Each structure stands twice: as structure tokens, then as C-alpha cells.
Amino acid sequence: MISPLAYIHPEAKIGENVEIGPFVFIDKNVVIGDNNTIMPNANILYGSRIGNGNTIFPGAVIGAIPQDLKFRGEETTAEIGDNNTIRENVTINRGTAAKGKTIVGSNNLLMEGVHVAHDAIIGSGCIIGNATKMAGEIIIDDNAIISGAVLMHQFCRVGGYVMVQGGSRFSKDIPPYIIAGREPIAYAGINIVGLRRRGFSNELIENIHNTYRIIYQNGMNVTDALEQVRKEIPMSKEREYIISFIENSQRGIIR
């Protein structure tokens, strides 16, 4: 299961049933769980923490130091959950003193050439398209789909169940359940197909649609729009998620 052509530091901790291909480099201060497959030429560097059942393709680099000039060699980690597919040439940098860790949850697909910068937090059930680049301290909530060649500004947040059009670039937050696209990026309706696939009822989808109709189409400022949402849209955890997301947005939401 472990190629004699791989290098594994004697202090690295490797779980059971782990397949490690030739020319893999595994550094010290690395912990790898059970049932992982690490393909040839992958690099698992200092501070990496990898859960169970992941598949890491050739050329991936996990745990490299941040591309941040403020980094001073502090002890930080890059933490990956379970059952992720990390395709060729994906780079996941470890954290800085800002948050101390970069986190990728479970059951994600990170396609070829994705970059996850320092202190980023990616939830679970996400699909990140080829060559998408995420800057430092971004947050992506669960079940988001980010298409290929997307550029995400530092500190931005993407809500859950979102679909972001390929080639987009943005420096504001994208609230949950919507499609974001065009140039410049903007709200382009709710992600009806994605929500139906995830088992959302027609009534709930309609309530989400009406919520965004108030927020985006009435010409009100955000504070007044959210107050109207509270008055007109039935209470649900989805409604509260939208309201909380927008009220806590540090960069403001896309137009």
C-alpha cells in the first residue's frame, strides 16, 4: 500500500489502509487518517491534518506555507475532513496567526488547479470548479457550487446552496440559495434546480424566492427590506439564515 519510492517523515502519523504512491512527500507534523489514497507526486507538508477516506490526486500540495508576507513561521495547520476528492494540482495552504488554520470540510470535490488560501474555511458538500482561486480568510458554506475559473476576493463569504457562474469574480458576499453570475457579478435568481435536487419543497422554494424579491427588486435599502421580509415571509430556518447572513455581512452583498 505504500510505495518504497515515497518519502514519509518518521514523525508523521499514518492511519490504516492508506495507499501512498511513488514520489509522494509526507512531512513531519502530519497526521493522516484511515482509508486515504494519495497518488504519485502529491505533497503533504508540515501542519497537515487529513481525515478518513480522502482521495488526493497527483501534484496536489497540502499544507504549504501561506502566500502572505505577514506569515512569520507560526505553528498553524491545514485541516481536511473526510471523503473529499482533491484533484490534480490543488493547493491548500495552512493558516496564519489570523485564525491558525485553513479548513476544508467533508464530502467536497475540489477540481484541478483549485487554490485554497490561508485561513479559508470551506464547508461540506461543496463542488469547486477547475482553476478557481480563493483568497485568504474566505468562507464557503455547505453545499455551494462554485464553477470554474472563479476569482474570490479575500474575506468574502459564499452562502450555502449557491451556484456561481464560471469565470465570475467578486469582492462582495453572495447570500445563500441564489445563482450569481453576469459581468459584473449580480443576483440572477434563486438556484431552483439545485434546491429541488436537495429536497426543498415547492412552498419553501417560493418563500425563498419571495424573500429575494423583496431584498433585490423593491428598491429599498437592506435594513428596510429585511424588516419587510420578517413581516411578510413565514418563519423558517432558511429565512433566518438569509437574514443572518446579510445582517452579518462584512463586505456587503452582491448587487
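Scroll up for the structure.
The text that follows walks through the structure, step by step, so that each part is easy to find. (Residues numbered from 1 in each chain as written. Predicted model: local features only at pLDDT ≥ 70, side-chain atom pairs only at ≥ 80, totals over all residues. Heavy atoms only, no water.)

**So, the overall build of the chain**
Line of reasoning, step 1. The number of helices and strands found in the chain is four helices and 27 strands.
Line of reasoning, step 2. Taken against the 2.2 N^0.38 rule, which gives 18 Å for 255 residues, the C-alpha radius of gyration of the chain at 20 Å falls within 12% of a compact globule.
Line of reasoning, step 3. Excluding contacts between residues fewer than 6 apart, the proportion of contacts in the chain whose partners are at least 24 apart in sequence is 29%.
Line of reasoning, step 4. For the chain, the exposed area adds up to about 11700 Å²; of that, 51% sits on carbon and sulfur atoms. (Helix = DSSP H or I, 4+ residues; strand = E, 2+ residues; numbered from the N terminus. Rg over C-alpha atoms; globule rule 2.2 N^0.38 Å. Contact = heavy atoms within 4.5 Å. Areas by Shrake-Rupley, 256 points an atom, 1.4 Å probe, with all protein chains shown as cover.)

**What about the side chain of Gln228?**
Line of reasoning, step 1. With respect to the element layout, Gln228 can be found in helix 3 (residues 222-232).
Line of reasoning, step 2. At 2.9 Å, the side chain of Gln228 forms a polar contact with the side chain of Glu232.
Line of reasoning, step 3. Those residues in contact with Gln228 that sit more than four places away from it in its chain are Ile214, Asn218 and Met220. (Polar contact = N/O pair within 3.5 Å; in protein donor to acceptor, adjacent residues only side chain to side chain.)

**Describing the packing of helix 2 (residues 202-217) against helix 4 (residues 237-247)**
Line of reasoning, step 1. Contact geometry for helix 2 and helix 4: axes closest at 10 Å, N-to-C directions at 30°. Taken as axis vectors, helix 2 and helix 4 run roughly parallel relative to one another. Viewed along their axes, helix 2 and helix 4 form a crossing whose handedness is right-handed. For the pair formed by helix 2 and helix 4, the contact residues are Leu204, Ile208, Thr211, Tyr212 and Ile215 on the first element and Glu238, Ile242 and Ile246 on the second.
Line of reasoning, step 2. Here the contact of helix 2 with helix 4 is built from residues that sort into six nonpolar, one polar and one charged. (Axes fitted to C-alpha atoms, helices over the stretch in contact; angles between N-to-C directions. Parallel < 35°, antiparallel > 145°, perpendicular 65-115°, else oblique. Left-handed = near helix turned anticlockwise from the far one by under 90°. Nonpolar A, V, L, I, M, F, W, Y, C, P; charged D, E, K, R; others polar.)

**What about helix 2?**
Line of reasoning, step 1. Taking 1.5 Å of rise per residue, 16 residues should cover 22 Å, and helix 2 covers 21 Å from first to last C-alpha, within 8% of that figure.
Line of reasoning, step 2. Among all positions in helix 2, only Leu204, Ile205, Asn207, Ile208, Asn210, Thr211, Tyr212, Ile214, Ile215 and Tyr216 are buried.
Line of reasoning, step 3. In this structure, the buried residues of helix 2 make contact with strand 26 (178-181), strand 27 (186-190), helix 1 (192-197), helix 3 and helix 4.
Line of reasoning, step 4. Trailing helix 2 by a residue or two, Gly219 shows a phi angle of about 75°, which is positive. (Expected span 1.5 Å × (residues − 1). Buried < 20%, exposed > 50% of the residue type's maximum accessible area, 1.4 Å probe, protein only.)

**Focus: helix 4**
Side chains of residues three or four places apart in an α-helix project in the same direction, reflecting 3.6 residues per turn.
Line of reasoning, step 1. Within helix 4, burial applies to Glu238, Arg239, Ile242, Ile243, Phe245 and Ile246. For helix 4, the buried positions fall inside an angular range of 160° around the axis, keeping them on one side. (Arc of directions from axis to C-beta.)

**Description of the nonpolar core**
Line of reasoning, step 1. Membership of the largest hydrophobic core comes to 66 residues, with the highest contact counts inside it found for Ile92, Ile140 and Ile174.
Line of reasoning, step 2. The set of elements that each furnish at least two residues to this core consists of strand 11 (77-80), strand 26, strand 27, helix 2, helix 3 and helix 4.
Line of reasoning, step 3. Here this core takes seven residues from helix 2, the largest share from any one element.
Line of reasoning, step 4. Apart from residues lying up to four places away in sequence, Ile174 is in contact with Arg157, Val158, Gly159, Val162, Val164, Ala180, Ile185, Phe245 and Ile254. (Core = buried A, V, L, I, M, F, W, Y, C linked by side-chain atoms within 4.5 Å.)

Function cannot be read off these values alone, since they describe shape.
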